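Coordinate analysis (summary)
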Amino acid sequence: MKAEQLYGRWAVRFDHPPAGLPERATMRLQRHAEFSESLAGTVSRDLGAAAGTPAIAGHAAEAALAGDLDEGMLLLDESSDRISITGTWNGEMQPGSCGRVYQGRWKDTSASAAPDAADIPFTLTRLPSP
């Protein structure tokens, strides 16, 4: 697979997310503006707070993503403030899914994360084009 085959919208489901973060989110992936073989995008979470309120648990309702598809592994860095890395995504395509389902682990690397924070299993499922 090539990075461009991941462009579009994805439903995200987390297994047992940390306190303050929802079980579901939406991810949008596109071509990185500076590195054409790389990915950029956003992950959006409903934090149950009004727009303009501070991030919960070190995460914003919408965080930036950047990364690569490397030998079948999806590797993304997440940034809630567009400066520091507040989460990492490592996943791989599920056999027989034709590139429509990825599973892996998300790691909370925000300043509010516990030093021994567990990796959180996630599943990405491609959403239909609008």
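Residues numbered from 1 in each chain as written. Predicted model: local features only at pLDDT ≥ 70, side-chain atom pairs only at ≥ 80, totals over all residues. Heavy atoms only, no water.

1. So, the nonpolar core
- Ranked by internal contacts, the top residues of the largest apolar core, which has 23 residues, are Met-27, Trp-89 and Leu-124.
- When residues of this core are traced back to their parent elements, those giving at least two are β1 (8-14), β2 (24-31), β3 (39-44), β4 (62-70), β5 (73-79), β7 (101-108) and β8 (120-126).
- Setting aside its immediate chain neighbours within four residues, Met-27 contacts Gly-8, Arg-9, Trp-10, Val-12, Thr-42, Val-43, Leu-65, Leu-76, Trp-89 and Leu-124. (Core = buried A, V, L, I, M, F, W, Y, C linked by side-chain atoms within 4.5 Å. Buried < 20%, exposed > 50% of the residue type's maximum accessible area, 1.4 Å probe, protein only. Helix = DSSP H or I, 4+ residues; strand = E, 2+ residues; numbered from the N terminus. Contact = heavy atoms within 4.5 Å.)

2. Quick word on the packing of aromatic side chains
- This structure, assessed with the given rule, holds five aromatic pairs.
- Between Trp-10 and Tyr-102, the ring centres sit 5.9 Å apart and the planes meet at 85°, which makes this aromatic pair edge-to-face. Placement of the pair is Trp-10 in strand β1 and Tyr-102 in strand β7, with a sequence separation of 92 residues. Judged on exposure class, the residue Trp-10 and its partner Tyr-102 are both buried.
- For the ring pair Trp-89 and Phe-122, a centre distance of 4.9 Å and an interplane angle of 70° mean the geometry is edge-to-face. (Phe/Tyr/Trp six-rings, centres within 6.5 Å; stacked < 30°, edge-to-face > 60°.)

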